[in-house]
Structures are given as C-alpha cells and as structure tokens.
Amino acid sequence: MTTPRWEARADLLVVGTGVAGLTAALRARELGLRVLVVTKAAGEDGNTRWAQGGVAVVLPGEHDEGDTVDAHVRDTLVAGAGLCDEAAVEAIIAGGPAAVARLRERGAVFDAAPTGGLARTREGGHSAFRVVHAGGDATGAEVERALLAAASDGRVPVLEQHVAVDAVRTPLGQVCGLLVLDGNGVPGVLSAPAVLLASGGLGQLYQATSNPEVATGDGLALALRAGALAADVEFVQFHPTVLYTGRGARGRCPLVTEAVRGEGAVLVDATGARVMRGVHPLEDLAPRDVVAAAITRHMAGAPGGVDDHVFLDATGISDFARRFPTVHAACLAAGVDPAGEPIPVAPAAHFACGGVVSAVDGRTGVTGLYAAGEVARTGLHGANRLASNSLLEGLVVGTRAAEAVAADLALGVLAKPSASAAVELPTAPVADRDSLQRVMSRYAAIGRDAEGLAVVGSVLDLSTVDRKLDGRQLVEDAALTVAARALIAAAAEREESRGCHVRTDFTERDDARWQRSQVVRLNPSGQPVLADPVVARGVA
Ligand SMILES: Cc1cc2nc3c(=O)[nH]c(=O)nc-3n(C[C@H](O)[C@H](O)[C@H](O)COP(=O)(O)OP(=O)(O)OC[C@H]3O[C@@H](n4cnc5c(N)ncnc54)[C@H](O)[C@@H]3O)c2cc1C
C-alpha cells in the first residue's frame, strides 16, 4: 500500500485537455461545479491541436443547397459501414450547430468565405461542402487555443504533467477519484464523485501514426480496469495520406489533410496512374477506409514488388500555400514543393473508432465514470469515422457529459468520496513498446489475417512482464499492452472485412454474422476478453 503524498478534491475530475475535456470542464464550471482538469503533458498536447481539416456541421442558413442535418447523418451511417448506433448519430450530429456556436462564443475564429458566412470544404465520404475550418488547415490549433484561453479566463484549474494511473473506487465499485502521479512520479489522490475520461486515442499502437506521443490509450485501459466495457476496438482508422518521409518512419508523421483532395488533388502512383479510378464512385473522395485500403493494395501490387508510398498530385491547386499553410510547411521541411511536384504519401494510424462504451451524454456502465471524445465509443463512428466528425463529437458529448454529471450529482446517485486512506499503485502486464509497435504495424494494420494476429499475441506473450505502474512510461506501456490485446482479440474473432477492419483471409463483408459490435472487458486476471454476446447485445 502507498499512502498518497498529496490530495485534492473536486466535484468533477477531467482527464485530458483536448476538445472533449476542456469543453466539458468549461460547461461544468458554468453549471457551478468545482472542476479540476489533469493532463499528463502540457495543456496543448493531444490530438486536438493537430486536427487540420475542420469540423463537419450543417449550420442553419450556411450550407450547400439541399444539404441537411439528415444528409450529414446519412453520410455518417454509410461511412460507419453498418455498425453505427443510429440514435447516437442523430443526437450528436443534431447537436453540432449549437456546439459550434458555443465554441465560437468562447473565442474560436473560423475562416470566413469571401461571400460572407463561414468558408466550407468537403472531405471524403461527405456529400456536400460542410466542413468548417480555421487557419486554412489549422483547425485543431485554433480550437485548442480558444478552449485553453477560455479555461484560463474561466478559472478552470489545469494540473499539467500529472498522469492518471487508475480510478479510485468504493467497495461497491463506484468511481470516486483518481490515483495520479505528478511530474516527479510522486503518487497522489484526487477525490471526486465523478471522473470524466477525455484522454484521446491510441495511434501510438503503431510505428507510424498521425497522433502525437500522448496517444497511448491510457483512458481505455483505466476504464477497463475500473470495470467498464469497450467496443469496436478492432476499428482503427488509417489516414490515407500522411507525408511519406522515407522508409521506416516512426512516431508522429505530418498529415496531409483530406481537404487537399476535397479541393481537387488526386492520388497517383509512380507512373502517374490514378490510384482511385474505378475503385469507388467518389474516387479520391471515397470514405477513408476505402482510400487507405486501395492505396495499400496498390502499393502491394506495384511493379517490382511492394512499394511503400504513392503520390498526391496537388499541383492544380493554385493557392496551396495560403489554403494549406500547415501542410505546405511540412512538405517544404521534407524537401517537397507541392506547387511543382506530387507529394509522397502513405497511410498511417489515425483514429480509434471504438473505445469505452458510453452514451451520448458520456455515461458509462460504471457509476461515477464518464467518457467523451476519442476515448469513448458512443456509436457515432461504427466501423469507420466520417472525416471531421470527431471534433464535433468532442464538443457535443463533452458538453452533455458535464450536464450529466451535474444531473447525477443533483440526484445524489454518485458516491461520496471519503478521506483516502491508502491506495495501491496497480501492477499490470507491460509489453516492450518497440516490439509491440512493430508487430501491430506488420500484422494488425490494414490487411490482417488469423495467422498474423496470432503472431502479435505470441510476441506480446513473450515480451510482457508484470510491472508496478510507478511512472508515466509504464502507465503508457501498460495501456498500449491492454489496447493491443483487446484489438487483436476482437480483430481475430471478426472473420469478415468491414470499414477499417480489413481481413485478407475474409475479404467480404458478412452482415448475416457480423453486423454487430463486439464488446471487450477485462477478465479477473486483467486480460481483455470478448464479452458474452448477451452483454454485447446491450450495446447498440
Ligand atoms: C493529425 C490529425 C488531424 C486530425 N484532423 C481532424 C479534423 O480535421 N477534424 C476532426 O474532427 N478530427 C480530426 N482529427 C481527430 C481529432 O483531432 C481527435 O479525435 C480529437 O481532437 C480528440 O480529442 P480528445 O479531446 O478526445 O483528445 P485529445 O485532444 O487527444 O486530448 C487527450 C488529452 O488527454 C491527456 N491524457 C491522455 N492520457 C492521460 C493520462 N493517463 N493522464 C492524464 N492525461 C492524459 C493528453 O495529454 C491530452 O491532454 C485529427 C487527428 C489528428 C491526429
């Protein structure tokens, strides 16, 4: 047992300073709650600040002719390949206009159209120009800036460099706080009747990803250890176009936003042949899973064996540097001038479509535990996220989660945190990160089969040891280990191809067997296992 060396109390603890966490914290503060936000890095670190394309939303009076919220819902359901929860999709998309209006009131500035109103672009899978953006291709940076500024104006305390390790729970299993390590690895307890996980995604499961270093699936692991369920974890979206910077790229790779294709760029191979011609009616603007899988197939079939990148020809976009300043700068840094030559690109891990099973108001199955943003699985994304729906989800569900906490507090259904006696730093299986990323990239990315997924399991078995989680790196490595195991369990079971889950040994979609989500829980020895189909049926 460890006696916590420091303590703090609040009504609501929020893990994460991305779009979902800060939106929730601001709303909670407006509702009069004492809120405390923790993040394991600096305030601006997270996926949010890297978002480029924008926020998908059909704003009243500012949309393409004939575009509607219903059309946005339909596009989301099509992209989700039969696994979205339709009610969740409708609720979240319908909440978009109000959420974007609130974000603008909080100070976020979106790009204006020359004709008045907001500029709108189009991305893969969208049937209309409905993606609003900021700073050209720096939407996430503006959203993060505005929310952090609003949090500091609104006196929302943010504890930086504090990693959430585990939930503190009552003997009845209700969550009543967090065990946290400060920047020096000193354990402390934060007590609160409600904890909101807004801890983002898990792109670091793979060697090459668009996600920053903090995206290690910590919230997913913490929620599973607290008794929550996860679903759709086998669906990791690979972005079709990250900048290719050479064989063996590692870690966060610069993204080339889909909006570049929305504005006319096309994918070609080394011979100049169009990659997407004949693959899908929307060609280069097909949904992401389709484009990423087509590029992967194209690379594998390249003359002379496997190629490791294709090209995005954006030379026809006249004002590229002004419209896409972030991408332009990344290209120049890599020695590529997008105005004069095609940009080398390849797919990389990008977005976790699944996560902690939660309702559209963030409630999970565990009393006192809420989830919002990329860590949550609300049913919005199904088997494949529609581009630019995730900032939107963070805004809408973040707000609702704060409102759900306020309602639950008023109803008195949450645990009353008591003075913490002693808490124990958990011990968990930890695999070697390099080995894990290598086998996940080789066998559990786009194109999986039973044999390869079994290899991942064996490598994890060999490289895993039980460790006490007494440092940030160990917390992250333990989370990656749980996430990898959950993913391969679900991916091995799903003997079909659907959305982002592409099996080379089961190439067809099989609605009769598989038009359902798979639910994962931890067994008593801490291993992720697939939950009973009866439990899974309870998850729409
Ligand atoms: C390059 C890129 C481009 C994208 N473009 C778009 C786009 O155009 N439109 C769109 O809608 N979406 C886009 N996305 C996806 C979108 O940015 C994310 O899904 C969204 O920002 C996630 O927000 P979040 O609040 O859930 O988490 P994040 O913004 O990732 O924040 C997670 C937070 O949790 C903290 N954290 C994690 N673990 C712990 C822990 N154990 N203890 C304490 N703190 C912890 C992190 O430090 C961070 O503060 C993009 C993503 C990337 C990477």
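Residues numbered from 1 in each chain as written. Predicted model: local features only at pLDDT ≥ 70, side-chain atom pairs only at ≥ 80, totals over all residues. Heavy atoms only, no water.

**So, the side chain of Thr 241**
Here is step 1: With respect to the helices and strands, the residue Thr 241 is situated in strand E14 (residues 236-243).
Here is step 2: A relative accessible area of 0% means that Thr 241 is categorised as buried.
Here is step 3: Among the polar contacts made by the side chain of Thr 241, one reaches the main-chain carbonyl oxygen of Val 256 at a distance of 2.7 Å.
Here is step 4: Excluding its chain neighbours within four sequence positions, the residues that come into contact with Thr 241 are Leu 255, Val 256, Arg 261, Leu 267, Val 345 and Ala 346. (Helix = DSSP H or I, 4+ residues; strand = E, 2+ residues; numbered from the N terminus. Buried < 20%, exposed > 50% of the residue type's maximum accessible area, 1.4 Å probe, protein only. Polar contact = N/O pair within 3.5 Å; in protein donor to acceptor, adjacent residues only side chain to side chain. Contact = heavy atoms within 4.5 Å.)

**So, the nonpolar core**
Here is step 1: In terms of nonpolar packing, the biggest core is built from 60 residues, with Leu 178, Leu 197, Leu 205, Tyr 206, Leu 369, Met 440 and Leu 487 touching the most fellow members.
Here is step 2: In this structure Leu 197 touches Val 15, Gly 219, Leu 222, Ala 223, Leu 369, Tyr 370, Ala 371, Ala 372 and Val 375, once residues within four positions along its chain are discounted.
Here is step 3: If you look at the next biggest cluster of nonpolar residues, it comprises 52 residues, including Ala 20, Leu 22, Leu 103 and Leu 414. (Core = buried A, V, L, I, M, F, W, Y, C linked by side-chain atoms within 4.5 Å.)

**Let's talk about the packing of helix H1 (residues 19-30) against helix H11 (residues 390-411)**
A pair of packed helices is captured by two measures, namely the crossing angle of their axes and the spacing between those axes.
Here is step 1: At a minimum axis distance of 7 Å, the contact between H1 and H11 shows a crossing angle of 35°. The two elements H1 and H11 cross, and the hand of that crossing is right-handed. Counted together, Val 19, Ala 20, Thr 23, Ala 24, Arg 27 and Ala 28 of H1 and Leu 391, Gly 394, Leu 395, Gly 398, Thr 399, Ala 402 and Glu 403 of H11 form the full contact between these two elements.
Here is step 2: Tallied by class, residues from the contact of H1 with H11 come to seven nonpolar, four polar and two charged. (Axes fitted to C-alpha atoms, helices over the stretch in contact; angles between N-to-C directions. Left-handed = near helix turned anticlockwise from the far one by under 90°. Nonpolar A, V, L, I, M, F, W, Y, C, P; charged D, E, K, R; others polar.)

**So, the pattern of salt bridges**
Here is step 1: Enumeration over the complete set of coordinates arrives at 34 salt bridges.
Here is step 2: For Asp 45, the salt bridge identified is with Arg 49, shortest N-O distance 3.5 Å.
Here is step 3: Taking relative accessible area as the criterion, Arg 49 reaches 31% and is therefore assigned partly exposed.
Here is step 4: Across the salt bridge formed by Glu 258 and Arg 261, the nearest N and O atoms sit 3.9 Å from each other. The residues Glu 258 and Arg 261 share a single accessibility class, namely buried.
Here is step 5: Each of Lys 40, Asp 218, Arg 433, Arg 472, Glu 476 and Asp 477 takes part in a single network of salt bridges with overlapping partners. (Salt bridge = Lys/Arg side-chain N within 4 Å of Asp/Glu carboxyl O.)

**Some points on the domain arrangement of the protein**
Here is step 1: Here the protein is described as being made up of domain 1 (1-235 + 353-417 + 424-540) and domain 2 (240-347).
Here is step 2: Placing the centre of domain 1 and that of domain 2 at their C-alpha centroids yields a distance of 27 Å.
Here is step 3: Counting from both sides, the interface comprises 28 residues of domain 1 and, opposite them, 28 residues of domain 2.
Here is step 4: Interface of domain 1 and domain 2: buried area, both sides summed, is about 2200 Å²; carbon and sulfur atoms make up 52% of it.
Here is step 5: Contact with domain 2 buries surface across domain 1, with Gln 52, Asp 137 and Ile 446 losing the most and accounting together for 24% of the total.
Here is step 6: Across the contact surface, domain 1 and domain 2 share one salt bridge.
Here is step 7: Between Arg 288 and Glu 123 there is a salt bridge, with the nearest N and O atoms lying 3.7 Å from each other.
Here is step 8: If you look at where domain 1 meets domain 2, you find 13 residue pairs in polar contact (both at pLDDT 80 or more).
Here is step 9: Taken together, the residues that form the side of domain 1 that touches domain 2 break down as nine nonpolar, 14 polar and five charged. (Domains from an automatic or database assignment. Buried area = accessible area lost by both parts, 1.4 Å probe.)

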